[in-house]
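# Structural description and commentary
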Amino acid sequence: MPFLELSLRCRAHDESRLEIALEDIGALSVSLMDAAAAENEKAILEPGVGETPLWPEMIVTALFADGSDPQLLLHALEAIDAHVDLGSAEFRVVEDQDWERAWMDQFQPMKFGDRTWIVPWNLDIPSDAVDDVVVRLDPGLAFGSGTHPTTALCLQWLDALDLRGQTVLDYGCGSGILALAALKLGAQAAVGVDNDPQALAASKDNAERNGVGEQLRVFLPDDEPIATYPVVVANILASALDALAEKLASRVAGGGVIALSGILQGQEPPLLQRYAAWFDELRVESLDGWVRINGRRR
């Protein structure tokens, strides 16, 4: 089934308002692209828990149901937000595709740390992984396959921990990959939090298919129970990590550990200063231009 795609340019301070307006007029999905990199089709972002755009100017792309009237959409958008730049509006029809199959065709088994493997459902477990921890992953409509450096950094961190008997909080869980890895690495239970109901559904489905469904609970941010955990991981964005610092710090039990990722190199100094209010032993690891910060709660 095809979709009608609408693309608009906007400034960072207008993005949140525009995204809400697009959803109000029936957008099925909204994604962002750095306007400066748009010609190369790079730097695409789908905001997660508490996230804000990284770029001063961006292309906002929304998908609508096939048969939607472009002019009616523009009129409705202008009625909701008179400041939108309709002069930049472009429409095109895009064909649907089996996104899940495309992902599975491109994704190969990957190892993180000494013992953690992420393997797609359509491939056999590698012979050298039979004695290791294996997460069989099918992200569906939620992103998170281990291919992004921020996810890889978090998987490497979890792989190095002794998680036996622990409960882990995965804040911004997406496909559930980090929570699932923690459970396979010996955690007793895991809690996933995400603001996208589809992500929560994907996390639960992936957990069931990996045989750890009863050990994973998922929540929207407003429904998340107030609790403390010995291990917390938050793979979101630097701006969200800053905004959520007090909340995330309050979720880590005394002596517990935290990993923060989704941070571009160069963005870590203010976050190190911010989290130093609660954490010791703060360390920075980087991979392909992205950063993970981890530390221990006082």
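Every chain's residues receive numbers from 1 upward, in the order its sequence appears when written. Residues qualify for local features only when their pLDDT is at least 70, as the model is predicted, and side-chain atom pairs are given and counted only at 80 or more; totals for whole chains, interfaces and linings, by contrast, use all residues. Calculation of side-chain values draws on the structure's entire complement of heavy atoms; hydrogens and water are dropped beforehand.

### Re the sheet that holds strand 6 (residues 110-112)
The strand order 6-7-8 describes an open sheet built from three strands, whose pairing is mixed. Each edge of the open sheet is held by one strand with a lone partner, namely strand 6 and strand 8 (133-137). Geometrically, the sheet is characterised by an average inter-axis angle of 25 degrees between neighbouring strands, direction not taken into account. Any two strands are treated as partners once DSSP identifies two or more bridges connecting them. In this description a helix means any DSSP run of H or I spanning at least four residues, a strand means any run of E spanning at least two, and both kinds are numbered starting from the N terminus. The pairing of strand 7 (residues 116-120) with strand 8 spans five bridges and is classified as parallel. Residue pairing for strand 8: V119 is matched across the bridge by R136. It only takes one pair of heavy atoms within 4.5 Å for two residues to be counted as in contact. Here an angle of 0 to 180 degrees is reported between the N-to-C directions of two axes, which are lines fitted to C-alpha atoms, with helices fitted over the stretch in contact. Where helix 5 (residues 177-184) meets the sheet, it contacts strand 7 and strand 8, and its direction lies at approximately 150 degrees from that of strand 8.

### Brief notes about the packing of aromatic side chains
When we look at a pair of aromatic rings, we describe it by the centre distance and by the angle of the planes. Between rings of Phe, Tyr and Trp, where Trp is taken as its six-membered ring, a pair exists when centres lie within 6.5 Å; planes separated by under 30 degrees are stacked, by over 60 edge-to-face, and by other angles tilted. Evaluated as defined, the whole model comprises two aromatic pairs. Centroid distance Y275 to W278: 6.0 Å. Interplanar angle 70 degrees. Geometry classified as edge-to-face. Accessible area is worked out with a 1.4 Å probe on protein chains only. A residue is then buried under 20% of its type maximum, exposed over 50%, and partly exposed in between. For Y275, a relative accessible area of 0% puts it in the buried group. Taking relative accessible area as the criterion, W278 reaches 18% and is therefore assigned buried. A centroid spacing of 6.1 Å and a plane angle of 40 degrees characterise the contact between Y275 and F279, whose relative ring orientation is tilted.

### Thoughts on the environment of A207
Locating A207 in the fold gives a position in helix 6 (residues 197-209). According to the relative accessible area criterion, A207 is buried, its value standing at 0%. Residues contacting A207, with those up to four places away along its chain left out, are L180, V212, G213 and L216.

### Focus: the sheet that holds strand 12 (residues 229-235)
In spatial order, the strands read 11-10-9-12-13-15-14; together these seven strands make up an open sheet with mixed pairing. Of all the strands in the sheet, just strand 11 (216-219) and strand 14 (279-287) have a single pairing partner and so form its edges. Pairs of neighbouring strands in the sheet enclose a mean axial angle of 15 degrees, with direction left out of account. Judged from the six bridges that link them, strand 13 (residues 252-264) and strand 15 (residues 290-297) form a sheet pairing that is antiparallel. Across the sheet, residue A259 finds its bridge partner in strand 15, namely N294. Relative to the sheet, helix 6 contacts strand 10 (189-193) and strand 11, its axis offset from that of strand 11 by approximately 175 degrees.

### Focus: the confidence of the model for the protein chain
The pLDDT value expresses, per residue, how confident the predictor is, ranging between 0 and 100. When pLDDT is averaged along the protein chain, the result is 84, and 86% of the positions lie at 70 or above. Here residues 38-53 is a poorly scored stretch, pLDDT under 50, and it has 46 contacts once near neighbours within four places are set aside; other chains count.

### Things to note about the pattern of salt bridges
Between Lys or Arg on one side and Asp or Glu on the other, a salt bridge is scored when a side-chain nitrogen of the former is within 4 Å of a carboxyl oxygen of the latter. Here the structure, examined in full by the defined rule, presents 13 salt bridges. The partner of E224 in a salt bridge is K247, and the shortest N-O contact between them spans 3.6 Å. Taken together, the residues span a long stretch of sequence, with E224 in the loop between strand 11 and strand 12 and K247 in helix 8 (residues 245-250) at a distance of 23 residues. Exposure remark for E224: the relative accessible area of 7% places this residue in the buried category.

### What about the packing of helix 4 (residues 149-159) against helix 5?
One way to put it is that helix 4 packs onto helix 5 with a least axis distance of 10 Å and a crossing angle of 15 degrees. What the angle tells us is that helix 4 and helix 5 run roughly parallel. Here helix 4 runs over helix 5; the crossing is right-handed. The residues of helix 5 that touch helix 4, namely those facing T151, C154, L155 and L158, are I177, L178 and A181. Roughly parallel refers to an angle under 35 degrees, roughly antiparallel to one over 145, roughly perpendicular to one between 65 and 115, and oblique to any angle outside these ranges. In this scheme, a crossing is called left-handed if the near helix is turned counterclockwise away from the far one by less than a right angle; it is called right-handed if the turn is clockwise.

### Structural notes on the pairing of strand 12
Sheet faces and side chains relate simply in a regular strand, where the side chains alternate between the two faces. With six of seven residues buried, strand 12 is to be regarded as a mostly interior element. For strand 9 (residues 167-171) and strand 12, the ladder comprises four bridges, and the chain directions are parallel. Paired with Y171 across the bridge in strand 12 is A234. Pairing geometry for strand 12 and strand 13, over six bridges, is parallel. Counterpart to Y229 in the pairing with strand 13 is V252.

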